[in-house]
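Now for the letters of each chain:
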Amino acid sequence: MAGRKFVLFDLGGVLLTPRPHLTFQKYEESINLPRGFIQNVILKDPNSSFFQAERGHLRLSELIPKFESECQEFASTSGISLPPQFSAHNIFEAMFSACKLNKSMLQAAITLKNNGFKTCVLTNNILDDTHMRATTGQVLCMISRHFDVLIESCRVGLRKPDLEIYNLVLKTLQMEPQQGIFLDDIGANLKPAKKLGMATILVRETEDALKELQTISGVQLLNSETSLPAMCHPESVSHAYVSIKPGVRIHYVDMGDGPAVCLFHGFPESWFSWRYQIPALVDAGFRVLALDMKGYGESTAPSDIEEYSQEEICKDLVVFLNRLGISQATLIGHDWGGSVVWNMSLFYPERVRAVAGVNTPFFHVNPLINPFSSLEKVPVFDYQFYFQEPGVAEAELEANLERTFRVLIRGSSKQDMLKPPLSTANVRQRGGLLVGSPENPPPSHILPEAELQYYIQQFKKTGFRGPLNWYRNIEKNWCWGCSAAERKVLVPALMVTAGKDSVLTPSLSAGMEKRASRAE
């Protein structure tokens, strides 16, 4: 619907399920309390301890004994006998342990944000200083990554349905009420928002609520194959650097808490190529380190070609892990990054917890056959011969960075295909990789303008010499690989192929299970 620009989501009962009062009812049933007892205690007094805690006047450790006293008092005046096993502490513990992420609702919020909506979590919350606080912290950390704003009642001294908290939201978002949509599982919380002019949705069943949200927002939220997952933006992540040796520094993005996962990109990319995978891995409980590989972006780009051999790259990565105190990590690599992770698994298996190659299989090295002889037999690898002469491909690819990336980074859908499509065959004969491609290619569906400009900005810093130098170590890499020609990858391994990759085709991974015995 035209004019709607922001969406507010309640936390408990909307983004988290089940609704809190359902958890209360389940607890009541478990100890034979009258249905609605807990809710009646909460609602009996506008200044109850529960509401005080939601306004930030009590911490959870202070609320629990006060709430237990209120329950005992209410039971006494109502003629209700509290069972001996009744415990306010158990009520809250049951509520916390029952909470599950409503993935469908979160994906809807992500989709709305991807479509230009501001998104906000507006929750009546309690400051948790109990042994349950780790769970609370984990939920709030995860949720906050996906929303523009998180407003907790206990932080601002206001709670829903206080009118002032809705005005605070509008001021924070710099929006008018008529531009908003609000989802909550409590009707009383929706009334003030509706009176202000917001569209409101009472959440009972997730699918029904999403249908209504889809109608009001005008964004496809259900049965959509084009919905993108959450992505991270350069300004919303932590950037760091590790000095490897004099003249060599690695830039990386660091997010999450848990076992380490290192992401290695390919050509011509950046840490930003993993922008959709980083949040998903973090949400799965990992610490994610996405590197700008040597020669790219904020990492240094030494001029010596030998600095980009697989042997040197792997040595650098061992130093990288050492500097960060990471004894083992799961390594995931795409394109050239895939080559790196397989070599790390061969030469430094003690540092690799598990390995995954995306598009790039673990190739068998034949000491009897020069690698260029093998490449010459595969027409689509002709571009690698074109890349060998320093300065030639650099001049072509750096001449117009916007054209370069609009040609090189495109989707496989019909509407995203160039005419003629880019070919990596006969590149030397054509006189360049981009020769024959449009001078002003249309925008790429998989590289929106903001993302395109980030790539351009990154490659303006170091150019293409470093990235192309990776291709200028083919014989050196072969010699190093020959020293381990009979080895197998023994760490847990995953190979992910792409059916529409015309260069690194799925057929190239045939027989990999013989060389990586624990591969899937």
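Up top is the structure these notes are about.
Residues numbered from 1 in each chain as written. Predicted model: local features only at pLDDT ≥ 70, side-chain atom pairs only at ≥ 80, totals over all residues. Heavy atoms only, no water.

Turning our eyes to something else, we now look at the environment of Lys245. Mapped onto the fold, Lys245 is located in strand 8 (residues 238-245). Placed 123 residues apart in sequence, Lys245 and Leu122 show a C-alpha to C-alpha distance of 48 Å. Setting aside residues no more than four positions away along its own chain, Lys245 makes contact with Glu307, Glu312 and Asp316. Of the polar contacts made by the side chain of Lys245, one reaches the side chain of Glu307; its length is 3.2 Å. (Helix = DSSP H or I, 4+ residues; strand = E, 2+ residues; numbered from the N terminus. Contact = heavy atoms within 4.5 Å. Polar contact = N/O pair within 3.5 Å; in protein donor to acceptor, adjacent residues only side chain to side chain.)

What follows deals with the side chain of Glu307. Its location among the elements puts Glu307 in the loop between strand 11 (287-291) and helix 13 (310-323). If near-sequence neighbours (up to four positions away) are discounted, Glu307 is found in contact with Lys245, Val248, Lys294, Pro302, Glu312 and Ile313.

Turning our eyes to something else, we now look at unusual backbone geometry. Put simply, Thr17 and Pro18 share a cis peptide bond, and its omega is 0 degrees. Inspection of the secondary structure assignment puts Pro18 in the loop between strand 2 (16-17) and helix 1 (20-30). At Asp335, a residue that is not glycine, the phi angle is positive and equals roughly 60 degrees. Positionally, Asp335 belongs in the loop between strand 12 (329-334) and helix 14 (336-347).

If you look at the biggest cluster of nonpolar residues, it comprises 91 residues, and the most contacted ones within it are Ile278 and Phe405. Looking at which element gives the most residues to this core, the answer is helix 14, with 7 residues. Excluding residues within four positions of it along the chain, Ile278 makes contact with Cys232, Met255, Leu263, Trp271, Val288 and Ala290. In this structure, Leu106, Ala109, Phe117 and Leu222 belong to the second largest nonpolar core, which totals 31 residues. (Core = buried A, V, L, I, M, F, W, Y, C linked by side-chain atoms within 4.5 Å. Buried < 20%, exposed > 50% of the residue type's maximum accessible area, 1.4 Å probe, protein only.)

Describing two packed helices takes the angle between their axes plus the distance from one axis to the other. Helix 10 (residues 187-196) packs onto helix 9 (residues 163-173) with a crossing angle of 55 degrees between their chain directions and a minimal axis gap of 9 Å. Between helix 9 and helix 10, the interaxial angle falls into the category oblique. Crossing geometry of helix 9 relative to helix 10 is assigned as right-handed. The residues of helix 10 that touch helix 9, namely those facing Leu163, Tyr166 and Asn167, are Asn189, Pro192, Ala193 and Leu196. Residues belonging to the contact of helix 9 with helix 10 are distributed by class as follows: 5 nonpolar, 2 polar and no charged. (Axes fitted to C-alpha atoms, helices over the stretch in contact; angles between N-to-C directions. Parallel < 35°, antiparallel > 145°, perpendicular 65-115°, else oblique. Left-handed = near helix turned anticlockwise from the far one by under 90°. Nonpolar A, V, L, I, M, F, W, Y, C, P; charged D, E, K, R; others polar.)

This part takes up helix 18 (residues 401-408). Counted residue by residue, helix 18 has 6 buried out of 8 residues, so it is predominantly covered. For helix 18, the full list of buried residues reads Leu401, Arg403, Thr404, Phe405, Arg406 and Val407. At the N-terminal boundary of helix 18, the capping side chain belongs to Asn400, with an oxygen 3.2 Å from the backbone nitrogen of Glu402.

The next point concerns the sheet that holds strand 1 (residues 6-9). Here we have 5 strands laid out as an open sheet, ordered 5-4-1-6-7, and parallel in their pairing. Since the sheet does not close on itself, it has two edges, and those belong to strand 5 (149-152) and strand 7 (199-202), each with one partner. Here the average twist between neighbouring strands, direction ignored, is 20 degrees. Two strands pair when backbone bridges link them, and strand 6 (residues 180-184) and strand 7 are joined in this way by 4 bridges, in the parallel orientation. Counted as the bridge partner of Ile181 is Ala199 from strand 7. (Pairing = 2+ DSSP bridges.)

Counted as a void, the second largest pocket has a volume near 1,100 Å³. Within the residue set of the lining of the second largest pocket, elements represented by two or more residues are helix 14, helix 15 (371-376), helix 16 (382-386) and helix 22 (474-482). Looking at the lining of the second largest pocket, its residues break down into 21 nonpolar, 12 polar and 1 charged. (1 Å grid on protein atoms, 1.4 Å probe; cavity = no way out; pocket = protein on both sides within 12 Å on 5 of 7 lines; lining within 4 Å. Points joined across faces, edges and corners; volume = space filled by probe spheres on them.)

Attention now moves to the pattern of salt bridges. With the rule as written, the count across this model stands at 25 salt bridges. Measuring nitrogen to oxygen at the nearest pair gives 2.2 Å for the salt bridge that ties Arg145 to Asp283. Here Asp283 lies in helix 12 (residues 277-283) and Arg145 lies in helix 7 (residues 133-145), a separation of 138 residues in the sequence. In this structure, the salt-bridge partner of Lys294 is Asp316, at a minimum N-O distance of 2.6 Å. Residue Lys294 is found in the loop between strand 11 and helix 13, and its partner Asp316 is found in helix 13; the two are separated by 22 residues along the sequence. Among the charged side chains, a salt-bridge network with shared partners connects Lys245, Lys294, Glu307, Glu311, Glu312, Lys315 and Asp316. (Salt bridge = Lys/Arg side-chain N within 4 Å of Asp/Glu carboxyl O.)

Where helix 13 contacts helix 14, the two axes come as close as 10 Å, and the packing angle between them is 70 degrees. In terms of orientation, helix 13 lies roughly perpendicular with respect to helix 14. Together, Gln310, Ile313, Cys314, Leu317 and Val318 of helix 13 and Trp336, Ser339, Val340, Asn343 and Met344 of helix 14 make up the contact between the two elements. Taken together, the residues of the contact of helix 13 with helix 14 sort by class into 7 nonpolar, 3 polar and no charged.

Applying the stated criterion to the full structure yields 30 aromatic pairs. Over the aromatic face of Tyr241 sits the side chain of Arg249, whose NZ or CZ is 4.0 Å from the ring centroid. Lys294 extends its terminal NZ or CZ atom over the ring of Tyr308, reaching a point 6.0 Å from the ring centre. (Phe/Tyr/Trp six-rings, centres within 6.5 Å; stacked < 30°, edge-to-face > 60°. Lys NZ or Arg CZ within 6 Å of the ring centre and 35° of its normal.)

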